[in-house]
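# Working through the structure, step by step
Residues per chain are reported as follows:
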Amino acid sequence: MPTNYVRPEIAAMAGYAPGEQPQEEGFIKLNTNENPYPPSPAVVEAIQEVLRRGLQKYPDPMANRFRRAASEVLGVPSDWILCANGSDEILTIVTRAFVGQGQLLRLPYPSYILYATLAQIQGARYQEVFFQPDWTLPKEFGLPTEDLRLVFLANPNSPSGTMVPPDVVRALAERLPCPLLVDEAYVDFASTNCLHLVAENEKIMVSRSFSKSYALAGLRFGYLVAQPHIIHELVKVKDSYNCDALSIAGATAAILDQQWLRETRAKILAVRKRLTEGMRRLGFQCVDSEANFTWNTHPARPVRPMYEELKRRRILVRYMNYPGWGDGLRISVGTEEQIDICLQHLAELTEAPGPR
Ligand SMILES: Cc1ncc(COP(=O)(O)O)c(C=O)c1O
């Protein structure tokens, strides 16, 4: 279709580029923060049961089975929960509901690149507020500004893996004149979270993902927790059947298996420590992470050639370059074996001593 039929905002934008998903087998894949372990066996059983019963009927538009299960696990009423096709869809729904054309969306920088893309699609303006060098937020992030309609905060943040403590988030929301979406895609790997703030302040909403901690990136499921009058409005914006029957069944089984989550989390946190210490031994500056990845910069050597050479050796990490901030390697926490191989190759590339 000729571009002149397309809205000018869309024609002008580059579009979000997701992390590379190689079509060939054989890569050690540490570039999109997937979980290296298979999901709970209960997920597979639940999906097979749906397949046995058949897919001829539409799914429940509100995914109530999941909402009831999540309500038990999280300790929030089920009408405070909105389900979606991945937490990315939650971000889309929230942007569409709160930010009109030409209005303002605020984002931290560097952070999840999709936030800016969502503003562009909406024809909205966005303001990127730089983190301070220690990954804390400057005062201006909470500044009330005319036309400000929504603020996104990835917590833990990507690419840094750092967190803004709940008390700071609470104070931030109190100052802001608009809703604050706390994107907790990685929070199951962290030591704290902001869920309890949702009941305190209607401006605070929390989104979560099943792609990382529950090892279900391929299933596409995420949810939002917000006060029920807000959920009521957001439902109007979503597609009627935004979650399919397989993902509802799979995510319900996943959230009910908290024992699996605890065990998987413990393994990932142990390997995260190994990765962090290994990268520091190789001379990288590696930020303490509360997520399932680490952010690594090098004080003396360019990192892009390292990314390229690792890729040639079939190890995929994420090279990120943030104009005005700098570049680095974001490395997902894989299995212990995958991380040791990655460290070994990086040792060769940096000519530093390898892992012990
Ligand atoms: C900060 C952040 N939020 C949300 C998402 C999207 O997750 P989902 O797979 O649930 O759409 C990602 C995925 O990488 C992310 O990094």
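Residues numbered from 1 in each chain as written. Predicted model: local features only at pLDDT ≥ 70, side-chain atom pairs only at ≥ 80, totals over all residues.

## Some points on the sheet that holds strand β8 (residues 222-225)
Defined as follows: Note on pairing: two strands pair once DSSP finds at least 2 bridges between them. Going along the chain from the N terminus, every DSSP run of H or I of four or more residues is numbered as a helix, and every run of E of two or more is numbered as a strand. Only the stretch in contact is used when fitting a helix axis, every axis being a line fitted to C-alpha atoms; angles between N-to-C directions are given from 0 to 180 degrees.
Reading across from one edge, β2-β8-β7-β6-β5-β3-β4 is the order of the 7 strands in this open sheet, with mixed pairing throughout. Edge positions in the sheet fall to β2 (81-84) and β4 (125-130), since each of these pairs with one other strand and no more. Neighbour to neighbour, the strand axes of the sheet diverge by 20 degrees on average, direction disregarded. Where strand β6 (residues 180-183) and strand β7 (residues 204-209) come together, 4 bridges link them in parallel fashion. Bridged to leucine 181 within β7 is methionine 205.

## Notes on the sheet that holds strand β9 (residues 285-286)
So the rule is basically this: What counts as a contact is two residues whose backbone-derived C-beta atoms lie within 7 Å of each other.
The 5 strands are arranged β1-β11-β12-β10-β9 in an open sheet whose pairing can be described as mixed. With partners counted over all chains shown, the strands left at the sheet margins are β1 (28-30) and β9, one partner each. Where β9 lies against strand β10 (residues 293-297), 2 bridges are found, and the strand directions are antiparallel. Each bridged residue has a counterpart across the sheet, and for cysteine 286 the counterpart in β10 is asparagine 296. The sheet strands contacting helix α10 (residues 258-281) are β9, β10 and β12 (326-332), and the helix crosses β10 at an angle near 5 degrees. Seen against the sheet, helix α12 (residues 336-350) touches β1, β11 (315-322) and β12 and runs at an angle of roughly 90 degrees to β1.

## Quick look at the domain arrangement of the protein chain
Heads up, the condition is: Domains are outlined according to an automatic or database domain assignment.
As assigned here, the protein chain comprises domain 1 (3-30 + 259-350) and domain 2 (41-257). Summarising the inter-unit geometry, the C-alpha centres of domain 1 and domain 2 are found 23 Å apart. Each partner contributes residues to the interface: domain 1 has 24 residues there, and domain 2 has 25 residues. Broken down by secondary-structure element, the contributors of at least two residues to the side of domain 1 that touches domain 2 are α1 (8-12), α10, β10, β11 and β12.

## Considerations on the pairing of β8
In summary, the side chains of a regular strand alternate between the two faces of the sheet. Definition in use: Neighbour density around each residue's C-beta defines its exposure: 20 or more other C-beta atoms within 10 Å make it buried, 12 or fewer make it exposed, and counts between make it partly exposed, where C-beta atoms are placed from the backbone.
The two faces of β8 match: Gly222 and Leu224 on one face and Tyr223 and Val225 on the other face are all buried. Strand direction decides the pairing type here: β2 and β8, joined by 4 bridges, are antiparallel. Bridge pairing in β8 links cysteine 83 to tyrosine 223. Across 4 bridges, the pairing between β7 and β8 is antiparallel.

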